[in-house]
There are 2 protein chains.
Amino acid sequence: MQRAAALVRRGCGPRTPSSWGRSQSSAAAEASAVLKVRPERSRRERILTLESMNPQVKAVEYAVRGPIVLKAGEIELELQRVMALCTYPNLLDSPSFPEDAKKRARRILQACGGNSLGSYSASQGVNCIREDVAAYITRRDGGVPADPDNIYLTTGASDGISTILKILVSGGGKSRTGVMIPIPQYPLYSAVISELDAIQVNYYLDEENCWALNVNELRRAVQEAKDHCDPKVLCIINPGNPTGQVQSRKCIEDVIHFAWEEKLFLLADEVYQDNVYSPDCRFHSFKKVLYEMGPEYSSNVELASFHSTSKGYMGECGYRGGYMEVINLHPEIKGQLVKLLSVRLCPPVSGQAAMDIVVNPPVAGEESFEQFSREKESVLGNLAKKAKLTEDLFNQVPGIHCNPLQGAMYAFPRIFIPAKAVEAAQAHQMAPDMFYCMKLLEETGICVVPGSGFGQREGTYHFRMTILPPVEKLKTVLQKVKDFHINFLEKYA
Amino acid sequence: MQRAAALVRRGCGPRTPSSWGRSQSSAAAEASAVLKVRPERSRRERILTLESMNPQVKAVEYAVRGPIVLKAGEIELELQRVMALCTYPNLLDSPSFPEDAKKRARRILQACGGNSLGSYSASQGVNCIREDVAAYITRRDGGVPADPDNIYLTTGASDGISTILKILVSGGGKSRTGVMIPIPQYPLYSAVISELDAIQVNYYLDEENCWALNVNELRRAVQEAKDHCDPKVLCIINPGNPTGQVQSRKCIEDVIHFAWEEKLFLLADEVYQDNVYSPDCRFHSFKKVLYEMGPEYSSNVELASFHSTSKGYMGECGYRGGYMEVINLHPEIKGQLVKLLSVRLCPPVSGQAAMDIVVNPPVAGEESFEQFSREKESVLGNLAKKAKLTEDLFNQVPGIHCNPLQGAMYAFPRIFIPAKAVEAAQAHQMAPDMFYCMKLLEETGICVVPGSGFGQREGTYHFRMTILPPVEKLKTVLQKVKDFHINFLEKYA
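Note on numbering: residues in each chain are counted from 1, in written sequence order. Whichever chain is written first is A, and whichever ligand is written first is 1; the rest continue in order. Note on the predicted model: pLDDT of at least 70 is required for a residue's local features to be given, and 80 or more for side-chain atom pairs to be given and counted; whole-chain, interface and lining totals, by contrast, use all residues. To obtain the side-chain values, all non-hydrogen atoms of the structure were included, while hydrogens and water were left out.

Visitor: Mind showing me how you'd approach the packing of helix 4 (residues 77-87) of chain A against helix 5 (residues 99-111) of chain A here?
Guide: A pair of packed helices is characterised by two quantities: the angle between their axes and the separation of those axes. Residues and elements named next belong to chain A. Fitting a line to C-alpha atoms yields each axis, with helices limited to the stretch in contact; the angle taken between N-to-C directions then spans 0 to 180 degrees. Secondary structure elements follow DSSP: runs of H or I no shorter than four residues count as helices, runs of E no shorter than two count as strands, and numbering proceeds from the N terminus. At a minimum axis separation of 9 Å, helix 4 and helix 5 run at an interaxial angle of 50°. Of the possible angle classes, the one that applies to helix 4 and helix 5 is oblique. In terms of crossing hand, the pair formed by helix 4 and helix 5 is right-handed. When helix 4 is examined against helix 5, the residues Glu78, Arg81, Val82, Leu85 and Cys86 are found in contact with a partner set consisting of Ala101, Lys102, Arg104, Ala105, Ile108 and Leu109. Grouping the constituent residues of the contact of helix 4 with helix 5 by class yields seven nonpolar, no polar and four charged. These descriptions rest on fixed angle ranges, namely under 35 degrees for roughly parallel, over 145 for roughly antiparallel, 65 to 115 for roughly perpendicular, and the rest for oblique. For any pair of crossing helices, the crossing counts as left-handed if the nearer helix is rotated counterclockwise from the farther one by less than a right angle, and right-handed if it is rotated clockwise. Working rule for contacts: check all heavy atoms of both residues, and any pair within 4.5 Å makes them a contact. Throughout this entry, Asp, Glu, Lys and Arg are counted as charged residues, while Ala, Val, Leu, Ile, Met, Phe, Trp, Tyr, Cys and Pro are counted as nonpolar. The remaining residues, Gly among them, count as polar.

Visitor: How should I be thinking about the packing of aromatic side chains in this particular structure?
Guide: Ring pairs (aromatic) are described by centroid distance and by the angle formed between their planes. Residue and element names in this part refer to chain A. The pairing test for Phe, Tyr and Trp rings, Trp by its six-membered ring, is centres within 6.5 Å, and the orientation test on the planes gives stacked under 30 degrees, edge-to-face over 60, and tilted for anything in between. Per the stated rule, a full pass over the model turns up 26 aromatic pairs over all chains. Between Tyr272 and Tyr410 the ring centres are 5.9 Å apart and the planes differ by 85°, which places this aromatic pair in the edge-to-face class. Within this pair, whereas Tyr272 is found in the loop between strand 5 (265-269) and helix 11 (286-292), its partner Tyr410 is found in strand 9 (residues 410-411), the two being separated by 138 residues in sequence. Seen in terms of ring centroids, Phe484 and Phe488 are 5.6 Å apart; in terms of plane orientation they differ by 35°. Their pairing is tilted. With Phe484 and Phe488 both in helix 18 (residues 471-491) and four residues apart, this pair spans about one turn of that helix. Each residue gets one of three labels from its accessible area relative to the maximum for its type: buried under 20%, exposed over 50%, partly exposed in between, using a 1.4 Å probe on protein chains only. On the accessibility criterion, Phe484 (5% relative accessible area) is buried. Taken together, the aromatic side chains of Phe394, Phe435, Tyr436, Phe463, Phe484, Phe488 and Tyr492 make up a single cluster linked through ring pairs. Between Arg464 and the ring centre of Tyr410, over which it is positioned, the NZ or CZ distance is 3.8 Å. By definition here, charges over rings are those cases where NZ of Lys or CZ of Arg is within 6 Å of the ring centre and within 35 degrees of the ring normal.

Visitor: When you look at the packing of helix 6 (residues 127-140) of chain B against helix 14 (residues 349-359) of chain B in this model, what are you seeing that I'm missing?
Guide: All names here are of chain B. Look at helix 6 against helix 14: their axes get within 9 Å of each other, and the N-to-C directions meet at 30°. Relative to helix 14, the element helix 6 is oriented roughly parallel. The two elements helix 6 and helix 14 meet at a crossing, and its hand is left-handed. Along its contact with helix 6, which presents Cys128, Ile129, Asp132, Val133, Tyr136 and Arg139, the element helix 14 presents Gln352, Ala353, Met355, Asp356 and Val359. Broken down by class, the residue content of the contact of helix 6 with helix 14 amounts to seven nonpolar, one polar and three charged.

Visitor: I keep staring at the sheet that holds strand 5 (residues 265-269) of chain B and nothing clicks. Help me out?
Guide: The strands making up a sheet are joined through hydrogen bonds of the backbone, oriented either antiparallel or parallel. All names here are of chain B. At least two DSSP bridges between two strands are needed for those strands to be called paired. Within the open sheet, the seven strands sit side by side as 1-7-6-5-4-2-3. Their pairing is mixed. With partners counted over all chains shown, the strands left at the sheet margins are strand 1 (151-154) and strand 3 (199-204), one partner each. For this sheet the average axis-to-axis angle between neighbouring strands, irrespective of direction, equals 25°. Bridging between strand 5 and strand 6 (residues 303-308) involves four bridges; their strand directions are parallel. Its bridge partner being in strand 6, Leu267 is matched across the sheet by Ala304. Packing against the sheet, helix 9 (residues 215-225) makes contact with strand 2 (177-183), strand 3 and strand 4 (230-237), and its axis sits at approximately 150° to strand 3.

Visitor: Explanation requested: the pairing of strand 5 of chain A in the structure shown.
Guide: Strand residues, when the strand is regular, have side chains that alternate between the two faces of the sheet. All names here are of chain A. With respect to burial, strand 5 is a largely interior element, five of its five residues being buried. Relative to strand 5, strand 4 (residues 230-237) runs parallel, the two sharing five bridges. Across the sheet, Leu234 pairs through a bridge with Leu266, a residue of strand 5. Considered for its hand, the β-α-β crossover made up of strand 4, helix 10 (residues 249-262) and strand 5 is right-handed. With the strands pointing away from the viewer, any crossover whose connection runs clockwise from the first strand over the helix to the second is right-handed.

Visitor: Please explain the pairing of strand 7 (residues 322-327) of chain B as it appears in this structure.
Guide: Residues and elements named next belong to chain B. Where burial is concerned, most of strand 7 is hidden: six out of the six residues are buried. Going residue by residue along strand 7, you find Gly322, Met324 and Val326 tucked away on one face and Tyr323, Glu325 and Ile327 tucked away on the opposite face as well. Both strand 1 and strand 7 contribute to a ladder of four bridges, which runs antiparallel. Along strand 7, the bridge assignment pairs Thr154 with Gly322.

Visitor: Looking at this structure, how should I read a nonpolar patch on the surface?
Guide: All names here are of chain A. Side chains of Met434, Met438 and Leu441 sit close together on the surface and give an oily, nonpolar patch of about 220 Å² of accessible area. Along the polypeptide, Met438 turns up in helix 17 (residues 432-444). The exposure class of Met438 is partly exposed, given its relative accessible area of 32%. Any residue with relative accessible area above 30% and no salt bridge may belong to a patch, with like charges joined within 9 Å and the nonpolar Val, Leu, Ile, Met, Phe, Trp and Tyr side chains within 5 Å. A 1.4 Å probe and the Shrake-Rupley method give the accessible areas. Residues count as covered only by the protein chains that appear here. By definition, a salt bridge exists where a carboxyl oxygen of Asp or Glu is found within 4 Å of a side-chain nitrogen of Lys or Arg.

Visitor: Explain helix 5 of chain A here, please?
Guide: One turn of an α-helix holds 3.6 residues; hence residues three or four places apart share an orientation. Residues and elements named next belong to chain A. In a regular helix each residue adds 1.5 Å, so 13 residues correspond to 18 Å; helix 5 covers 19 Å between its end C-alpha atoms and thus fits that length. When we look at burial in helix 5, the residues that qualify are Asp100, Ala101, Lys102, Arg104, Ala105, Ile108 and Leu109. Looking at the packing, one finds that the buried side of helix 5 touches helix 4, helix 6 (127-140) and helix 14 (349-359). Each helix should span, by expectation, one fewer than its residue count multiplied by 1.5 Å.

Visitor: Honestly, the pattern of salt bridges in this entry has me stumped. Any pointers?
Guide: Once the charged atoms of two side chains with opposite charge are near each other, the side chains can pair. Considering all chains together, one arrives at 38 salt bridges over all chains under this definition. With its nearest N and O atoms 3.2 Å apart, the salt bridge here joins Arg219(A) to Glu261(A). Remark: Glu261(A) occurs in helix 10 and Arg219(A) occurs in helix 9 (residues 215-225); sequence separation between them is 42 residues. Accessibility expressed as a relative area gives 31% for Arg219(A), which makes it partly exposed. For Glu366(B), the salt bridge is made with Arg104(B), and the minimal N-O distance between the two is 3.2 Å. Pair noted here: Glu366(B) is in the loop between helix 14 and helix 15 (369-395) and Arg104(B) is in helix 5 (residues 99-111), with a separation of 262 residues, a long-range link. Counted as one network, the salt bridges with shared partners bring together Arg249(A), Glu253(A), Lys288(A) and Glu292(A).

Visitor: How do you make sense of the side chain of Arg464(A) when you look at a structure like this?
Guide: Looking at where Arg464(A) falls in the secondary structure, it is placed in strand 12 (residues 463-466). Residues scored as positive are Lys and Arg, those scored as negative are Asp and Glu, and His as well as the terminal groups of each chain are ignored. Put simply, Arg464(A) is tucked away with no salt bridge, and the nearest opposite charge, on Asp269(A), sits 9.9 Å away.

Visitor: I'm lost on the sheet that holds strand 1 (residues 151-154) of chain A in this one. Help?
Guide: Residue and element names in this part refer to chain A. With respect to topology, seven strands assemble into an open sheet ordered 1-7-6-5-4-2-3, the strand pairing being mixed. Of all the strands in the sheet, the pair left with one neighbour each is strand 1 and strand 3 (199-204). Taking each pair of neighbouring strands and ignoring which way they run, the sheet shows an average axis angle of 25°. Set on the sheet, helix 14 makes contact with strand 1, strand 6 (303-308) and strand 7 (322-327); between it and strand 7 the angle comes to about 70°.

Visitor: I keep staring at the domain arrangement of chain A and nothing clicks. Help me out?
Guide: The figure often quoted for interface size is the accessible area lost as the parts come together. Residue and element names in this part refer to chain A. Where each domain starts and ends follows an automatic or database-derived domain assignment. Along its sequence, chain A is carved into domain 1 (2-43), domain 2 (120-359) and domain 3 (381-491). Computed over C-alpha atoms, the centres of domain 2 and domain 3 are 28 Å apart. Taken residue by residue, the interface counts 27 residues in domain 2 and 22 residues in domain 3. By definition, the buried area sums, over both parts, the 1.4 Å-probe accessible area that each loses when the two are put together. Together domain 2 and domain 3 conceal approximately 2000 Å² of surface at their shared face, both sides included; 55% is due to carbon and sulfur atoms.

Visitor: Can you walk me through the confidence of the model for chain A in this structure?
Guide: The predicted coordinates of low-pLDDT regions are not to be read in fine detail. All names here are of chain A. By definition, pLDDT measures how confident the predictor is in each residue, and it falls between 0 and 100. In this model, chain A carries a mean pLDDT of 83, and residues with pLDDT of at least 70 account for 85%. Of all helices and strands in chain A, the one with the weakest mean pLDDT is helix 1 (residues 2-10) (31), whereas helix 9 scores best (97). Contacts for the low-pLDDT stretch residues 1-41, under 50 throughout, to residues beyond four places or in other chains number 55 contacts. Throughout residues 65-74 the model reports pLDDT below 50, and contacts reaching past four residues in sequence, or to other chains, amount to 34 contacts. For this predicted complex, the interface score ipTM comes out at 0.71, alongside a pTM of 0.77.

Visitor: Just to check I follow, could you spell out helix 8 (residues 188-195) of chain B for this structure?
Guide: All names here are of chain B. The buried count for helix 8 comes to eight of eight residues, which makes it a mostly enclosed element. Burial in helix 8 covers these residues: Leu188, Tyr189, Ser190, Ala191, Val192, Ile193, Ser194 and Glu195. Positioned one or two residues after helix 8, Asp197 has a phi angle of 60°, which is positive.

Visitor: Help me out: how do you make sense of the state of the cysteines in this one?
Guide: Residues and elements named next belong to chain B. Any pair of cysteine sulfurs within 2.5 Å is marked as a disulfide. Under the counting rule described, the total for this entry stands at zero disulfides over all chains. The structure places no disulfide on Cys402, whose sulfur is separated from the nearest cysteine sulfur, that of Cys210, by 9.3 Å. You can see Cys437 has no disulfide; the closest cysteine sulfur is in Cys447, sitting 8.4 Å from it. The class for Cys437 is buried, based on a relative accessible area of 5%.

Visitor: Mind showing me how you'd approach the environment of Gly445(A) here?
Guide: Residues and elements named next belong to chain A. Residue placement: Gly445 occurs in the loop between helix 17 and strand 11 (449-450). Judged by relative accessible area, which is 54%, Gly445 ranks as exposed. Each C-alpha atom, one on Gly445 and one on Val477, is 9.6 Å from the other, the two residues being 32 residues apart in sequence.

Have a look at this one:
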């Protein structure tokens, strides 16, 4: 109806029936009548149908999209200012912008073709932004050097992950590439694996042990996979999505040693590297640990790691900014990678600029520094508070168990679903946790994603809930989930 | 060197050798020494090599990327203003922005999650922007209605084209999907076809007839293709890239009838719809002609058409904005399409906003209208002038023949390459036109793309040159090409 109204608002030219000025709903009905010129029965069979389409695409599953807005918070001023200056350079003369923001914007613009965000950039990304990313990584990793030539700017992290997977997948039959992913996983992985017709090799995170990654489990998974595919890639999500665990340094070393031993290409999804809340945890990058393990590892293990503008304390997901750093990538493959990226011309230049602001924040002495630091601490402090709050409140509910949210932005509690509810779900041809989440949505308006969309051990049920809403709202949400759950248990007891 | 300098500038933390403060070149050498911890010979065989990589990706060819900046011109003010307001909403209070720009920005922001370009949007794109696109199409097509539900916002047109092709490709052996593309073509098509392991079916444009599309040639191509694949898709580029022809209404009708007859899914790449210069030509959209041909066609022929923010008179390619309109797409396939788009979350929201400004320009009575119209006419008038100039100057050179540039942004002249030069090219293991373009680059600094990257009839040679440089610069460039060409003919006579 909104649509038809928009058409009316704008005027549709001579061919539009004048009756479109009537009530919105009749206008909408009419619009659809005009579009469907002939009744459905006279239609020929279509070329593109579920039967004739690409079966790999049909097999893709992707659970987490929806109307949920992922927005980290309020720390937008610095980014908004620099972006506005880049977008409309006339503002560089305006006295109402701080000097350091102007300096940043000028530097980015000078590196852009035609001094504008509106021009294509190099396919690998704007040079000076790749330099800033490399400098950021070097600082983050306590001096382990990063080479801008190894940095590829991407359209969000998803784009980088699917691009590198696209290059990695090959072979047929038992030689088809196997890609190891954690279960539970972020469903980008299973979706891209399906699209590429690669073989998904699951390794299970240890829920009883705070979703830790156990190398024995990796070993089991790879051994079993060798019967039917060629395991060539190991994907790690740290901090975990949806599981929120933060890997210990020891665990990362073990994983790297395992990848070295089994000759696996490592994909380290580190988009939540700034989102660590537990005082006992620290983020360690795979790149840093790799270098600290010595030359046998640092000159042999092939690694791609990913970061994004969409998480952290900025949460600027709409700009679709991201980068990938590759280590030990064969020079010929680098050429192939640039060629493949070239087909899409370049990542959005505004997303590249946003990435620059994320990796190159105000420093002490600059005009914007104090405000920036205050806001950053407030956002991260708030998230930490909400992580703890969510864990505590969930664990007070009978039939819900929630591991500590060490990092990232989600709770992934385990929920007990009574046998009668499982039966009711089956009667509706739904997975039990999908049934649960649908009921939750219907009864409370709260939208969470069922665990089956991420994968979980047979017979266990979970859902993923973001901790992004403001504290008071989050408390209300958690209280509603609690009431719903208790009621649900009673109803299906 | 710049890189090492950047590292020095930012300070690399405790692990950085202090010697990095030395001259840039020695610092760079050292950086590479640090990165290459062990000599190459001790390296194990890599997992990802040219031999082990995805053979489809290896087969991808893509000719047109390079340092060439594609920038339509000066008509940026309207777009820059609205984008700046969307990016930094505090500016909505500034008296230095016109009211209509503020109104546009407010409307876009209200439709965005969290009222910010920094939030994810729906995967199909922001609703009100899809409504504006539908209203634009309706106006453009003289009232033929467009449904916002059929509009998908994309990351540039390339993203839409590759997404719909991804869904279309299926089958094995002789049932593998054949995709018909013009030769010469824009190499996105051949690249995506290769990536998807589909079958490329060439139809040749008629150079002697101003690069016209001849339906008999389509017929020949489809008949021959049926021996080894299942031709299912017909791609049209109108106005042509790199060939610049604008299809007549009659020709479009013939193509649609042919697609209907042969049950082909139509892909209409119409990104240059605003770039028609020849006074004898007009742009006709496939959608409009389809509807005018009556219900047998308009309710049966499956069509996807594409547009972009990167061309037209705005040329805002860096934002990566675009849309796709689908006609007669099966409802189940629409679901599949949204699912596939969801895996990448959403197109860049700033690119979506830029798309809105392209389809929703200032109208008479609004504050910005006069300036906008003046700039638009100036940009398009300028391009028309340069199109004519380029054609005329090329045709004065012996051994160069250039068809009229009816539309788009390129000249694609045919060049005569003497037998001796062909031999010299073979000695260098280069295609003759690649050899020619390399010599041109070396001797004049002018970068053009060899015709072999787009495809051309055996034994003919071309190159693609953009007409975007300012008039005086373009004249200089054309004079240099002329001198080079005459010299080249003499040298290899």
